[in-house]
Amino acid sequence: MNRRVLRALAALFLAVCATSCGGPRQPAVSLTPADTLKAAQVLLTDRCLTRQGLTPPRPGGPAASGAVDRALFGTGRAELTLELPGGQVVGHHTDGCLAAAERRLYGDQRRWFRAVTLVNNLKSRAPREDRAAYKELRAHGLTEARALLSASYNHS
Amino acid sequence: MKQYVSLLVAAVLATGTGLATASPASAAECPSGNFCAWTDANFGGQRMNASGDDEWWESWIADEDSSWANHGISGPGVKDHVKVYESAIQFPSTGGAMTICLRPGDEVGYNATANDRGDAHVWAMGC
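> I'm lost on the overall build of chain A in this one. Help?
Along its length, chain A carries six helices and two strands. Out of the 156 residues belonging to chain A, those deemed buried represent 45%.

Following this line, the structure appears as structure tokens:
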């Protein structure tokens with residue numbers, strides 16, 4: 001990710017932090033928690049891909065190469081699987097840059113995968129402990145995301 | 001009734017999670033930025049790529065879908081989740097029940113009990 005994009009993302013994040021952290025500045029733009037997580041995830045996957053000499057893809061941008069697809073999303077069989085009550089068996093990789101980003105943000109990727117998959121698809125019908133895990137791990141992810149974006153802004 | 005449904009869901013998940021259900025034999029080859037649906041299980045057969053919404057799948061894939069993958073690209077303000085619906089989204093229909101919601105990186109190699117239930121999909125900020 002180039003420095004210009006990085007600064008833009010970090011500036012958006014800091015605008016949110018100014019209010020939530022009790023800072024004196026008024027936010028120019030608010031980043032929702034969901035977008036904060038997405039911004040941090042992109043930061044991490046960009047770093048991961050560029051370390052491998054690959055160009056990170058952008059929404060609506062030129063088609064990425066197969067090498068980028070595999071480096072980002074993983075290869076072979078999905079290592080994590082979960083069967084939903086409707087019968088769909090959802091899989092998710094533990095290899096690849098996206099998986100590494102999830103571990104960095106949420107800590108326990110297996111536990112996050114189960115919680116987020118169930119909550120996304122079952123909503124309030126998801127088991128209570130999985131809904132609790134979702135809240136816990138998402139809060140953890142937000143803390144990590146804010147720290148990452150802030151550190152990135154300060155170092156760029 | 002709600003309590004019963006929750007108990008039933010918990011029971012199904014308790015038996016389903018962590019089981020060595022057969023993992024897909026092959027990788028989901030799906031270009032970055034796309035949602036893909038295949039006519040066969042385990043990402044085989046014909047493949048539909050979609051970087052945008054498609055509220056009325058073509059007949060060769062509508063209700064013929066057996067595996068899916070979301071390789072959407074994330075970013076702040078970017079719609080990177082995919083919702084698959086069992087019916088086409090054509091007024092007055094709003095697509096019927098949502099079959100599944102996939103976040104980036106999610107893949108569904110097969111459906112043990114309810115195959116071929118996709119007729120439309122939309123991209124969304126979340127599920």
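> Is there a simple way to explain helix α2 (residues 33-51) of chain A in this structure?
Each full turn of the α-helix corresponds to 3.6 residues, which orients residues three or four apart in the same direction. End to end, α2 of chain A covers 27 Å across 19 residues, agreeing with the expected 27 Å (1.5 Å per residue, within 8%). In the segment just after α2 of chain A, Gly 53 of chain A is the residue with positive phi, at about 75 degrees.

> I keep staring at the interface of chain A and chain B and nothing clicks. Help me out?
A common measure of how large an interface is: the accessible area buried when the components associate. Each partner contributes to the interface: chain A provides 42 residues, whereas chain B provides 39 residues. Counting only elements with at least two residues in the side of chain A that touches chain B, the list comes to α1 (3-20), α2, α3 (66-73), β1 (80-83), β2 (88-92) and α5 (109-122) of chain A. Here the side of chain A that touches chain B gets six residues from one element, more than from any other, and that element is α2 of chain A. Within the side of chain A that touches chain B, the residues separate by chemical class into 22 nonpolar, 12 polar and eight charged. The pairing of β2 of chain A with strand β6 (residues 107-111) of chain B spans four bridges and is classified as antiparallel. If you follow Val 90 of chain A over to β6 of chain B, its bridge partner there is Val 108 of chain B.

> Before we go on, may I ask you to explain the confidence of the model for chain A in this structure?
A low pLDDT means the predicted coordinates there should not be read in detail. Residue and element names in this part refer to chain A. Residues at a pLDDT of 70 or more form 79% of chain A, whose mean pLDDT is 86. At the low end of the mean pLDDT range in chain A sits α1, at 51; at the high end sits helix α4 (residues 97-106), at 98. A low-confidence stretch, residues 15-20 stays under pLDDT 50, and its non-local contacts, those more than four residues away or across chains, total 15 contacts.

> For this particular structure, what's the right way to read the packing of α2 of chain A against α4 of chain A?
To characterise two packed helices, one gives the angle between the axes of the helices and the distance between these axes. Residue and element names in this part refer to chain A. Look at α2 against α4: their axes get within 9 Å of each other, and the N-to-C directions meet at 130 degrees. Compared by their axis directions, α2 and α4 come out oblique. In this structure, α2 crosses over α4, and the sense of that crossing is right-handed. Facing Leu 37, Ala 40, Gln 41, Leu 44, Thr 45, Cys 48 and Leu 49 of α2, the residues of α4 in contact are Cys 97, Leu 98, Ala 100, Ala 101, Arg 104 and Leu 105. For the contact of α2 with α4, a count of residues per class yields 10 nonpolar, two polar and one charged.

> What is the right way to read the pairing of strand β4 (residues 81-85) of chain B from this model?
Each regular strand carries side chains that alternate between the two faces of the sheet. Residues and elements named next belong to chain B. With five of five residues buried, β4 lies mostly within the body of the structure. Burial of β4 is two-sided: the residues His 81, Lys 83 and Tyr 85 facing one way and the residues Val 82 and Val 84 facing the other way are all buried. Two strands pair when backbone bridges link them, and β4 and strand β7 (residues 120-124) are joined in this way by five bridges, in the antiparallel orientation. By the bridge assignment for β7, His 81 is matched with Ala 124. Relative to strand β5 (residues 98-102), β4 is paired through four bridges, and the arrangement is antiparallel. Looking at the pairing, Tyr 85 lines up with Met 98 of β5.

Reading the values: rules and limits
Residues numbered from 1 in each chain as written. Chains lettered and ligands numbered in written order. Predicted model: local features only at pLDDT ≥ 70, side-chain atom pairs only at ≥ 80, totals over all residues. Helix = DSSP H or I, 4+ residues; strand = E, 2+ residues; numbered from the N terminus. Buried ≥ 20, exposed ≤ 12 C-beta atoms within 10 Å, placed from the backbone. Expected span 1.5 Å × (residues − 1). Contact = placed C-beta atoms within 7 Å. Nonpolar A, V, L, I, M, F, W, Y, C, P; charged D, E, K, R; others polar. Pairing = 2+ DSSP bridges. pLDDT = per-residue confidence, 0-100. Axes fitted to C-alpha atoms, helices over the stretch in contact; angles between N-to-C directions. Parallel < 35°, antiparallel > 145°, perpendicular 65-115°, else oblique. Left-handed = near helix turned anticlockwise from the far one by under 90°.

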